[in-house]
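Commentary on secondary and tertiary structure
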Amino acid sequence: MTKSFPDGFRWGVSTSSYQIEGGADDDGRGDSIWDTYCATPGRVANGDNGRVACDHYHLWAEDLDLIKGLGARHYRFSVMWPRVLPEGTGKVNETGIDFYSRLVDGMLERDIDPWLCLYHWDLPQALQDRGGWTNRDIVDWFGDYTELLVTRLGDRIKSWVTFNEPNVVAWVGHEEGRHAPGITDPRAAMRVTHHLNLCHARATRIIKHHYPDAPVGFVLPMHKGYTLPHRREQDAHLIELFEAKWNGAFLDPVYYGRYPELILDRMEPHIRPGDLEAIRTDVDFQGLNQYFPSYIQAAEGKAWPFQHVEPPKYFRRTEMGWAIDGDCFYRTMKILQENYGNPPVFVTENGGAFTDVPGHNGHVDDQDRIAYYTEYLDALLRAVSEGANVQGYMPWSLLDNFEWAYGYDKRFGLVHVDYETLKRTPKASYEFMRNVITQNALP
Ligand code: FCB
């Protein structure tokens, strides 16, 4: 039995600049914090980096053809801040602007709506040298960067995403240190959280000033907390705090102009009078990323009274070791429906890394990825049937790419990339997704 998506459901695909562009030495691009992080021994698997990546900087037209071939009408890409402002502020690199301008025109020629994401983690290193996200001046820096892109590209951008996963920027980049800039300072992470929220609001106002009707939102990987079955009694009280940290710290100030009560004492030192009023902005859509359920357990002597633990054995896993759980995806959509006024939701990332072994002709028959998408899309339909306002879906990702600290070991693409030759070969999951998109239904 086929299961149909609502009429007008919007299908797209997502990528990000540092993960695919390469072109690091071309045309005056500045360094980002990921260039620095990759160059630091021991940070990234195999010492990999994004200097060539998928060479999308040169092969972008072929990649847009692949999006078109998929039948996707929406493309979330990100701009690499140091490609357009090598020093983070000040002098504009016109060649960098030209690149994105051609890219956007290429989308429009192919009838693909550009969804421009301002920040997918590649902060100019020059700004990190001035304190990066911990320096409150970043609100002005980010504002100027936004103004530049809005004035140069805004006439052609259909939707704006201010941030990809600001919670990962704060917690993974500044508390756990597993991402650039590799800082492990819980207090700094709280300050960064607040600055990211202020930046989101500043950018939203700038975009709206120029284009009042342009949809603006931010992308959050929402986490649903779970306890291990045998520890339910000891740990259940921690779920609310866990979700306040991962979801509420970014959703509540924007939707309700306040931080969750449970984390207020940690946030207060960073809040100035008027900040919360400034952060509360209308949300045109909520970008939602979802991959896995988070299991937590009480912990002592850590920044928070809990730690992440391995989910129960009965879950199947992706090659990242991430538990596969469509039901968790369903629950995150329900949280938005029930606790945040049921905003229009676009799933801006979802997908899995699997051990893709190309056959003799280079074709990858990735049935495990197809099974993953089937389970998650089924969960999406269940949420929609219960009234969740989910309006679109973008799988992660178009291409195999640079998977941050995992380097090139982990492949998430619908299209296989041979990193020696840079040849792109659509996988079986690409055909599967094309079918879903064309039929607007799950087989
Ligand atoms: C998300 C990131 C994206 C990609 C996927 C697998 O957290 O936004 O860039 O790495 O995970």
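Residues numbered from 1 in each chain as written. Predicted model: local features only at pLDDT ≥ 70, side-chain atom pairs only at ≥ 80, totals over all residues. Heavy atoms only, no water.

**Thoughts on helix α3 (residues 56-70)**
Helix length check: α3, at 15 residues, gives a terminal C-alpha distance of 17 Å against a target of 21 Å (1.5 Å per residue), a shortfall beyond 12%. Remark: the principal bend of α3, roughly 40 degrees, maps to Glu62. The set of residues buried in α3 consists of His56, Tyr57, Trp60, Asp63, Leu64, Leu66, Ile67 and Leu70. Two residues or fewer past α3, Gly71 is found with a positive phi of approximately 85 degrees. (Helix = DSSP H or I, 4+ residues; strand = E, 2+ residues; numbered from the N terminus. Expected span 1.5 Å × (residues − 1). Bend = angle between axes of the 7 residues up to and from the residue. Buried < 20%, exposed > 50% of the residue type's maximum accessible area, 1.4 Å probe, protein only.)

**Considerations on the site of the ligand**
Near the ligand, the surroundings consist of Gln19, His120, Trp121, Asn164, Glu165, Tyr291, Glu349, Trp396, Glu403, Trp404 and Phe412. Between the ligand and the protein, one listed contact pairs an oxygen atom with a side-chain N or O atom of Asn164 at 2.9 Å. One nitrogen or oxygen atom from the side chain of Trp404 is found 2.9 Å from an oxygen atom belonging to the ligand. Within the complex, the protein chains bury 94% of what would otherwise be the 290 Å² of accessible surface of the ligand. With respect to the detected pockets, the ligand is housed in the largest pocket. Residues that form the shell around the ligand fall into these classes: five nonpolar, three polar and three charged. (Near = heavy atom within 4 Å. Polar contact = N/O pair within 3.5 Å; in protein donor to acceptor, adjacent residues only side chain to side chain. Areas by Shrake-Rupley, 256 points an atom, 1.4 Å probe, with all protein chains shown as cover. 1 Å grid on protein atoms, 1.4 Å probe; cavity = no way out; pocket = protein on both sides within 12 Å on 5 of 7 lines; lining within 4 Å. Sits in = over half its atoms within 2 Å of the grid points. Nonpolar A, V, L, I, M, F, W, Y, C, P; charged D, E, K, R; others polar.)

**Observations regarding the sheet that holds strand β9 (residues 294-298)**
With respect to topology, three strands assemble into an open sheet ordered β7-β9-β10, the strand pairing being mixed. With partners counted over all chains shown, the strands left at the sheet margins are β7 (225-227) and β10 (306-309), one partner each. Between one strand axis and the next, the sheet turns by 50 degrees as a mean value, whatever way the strands run. Relative to β9, β7 runs parallel, the two sharing three bridges. Its bridge partner being in β9, Gly225 is matched across the sheet by Ser294. (Pairing = 2+ DSSP bridges. Axes fitted to C-alpha atoms, helices over the stretch in contact; angles between N-to-C directions.)

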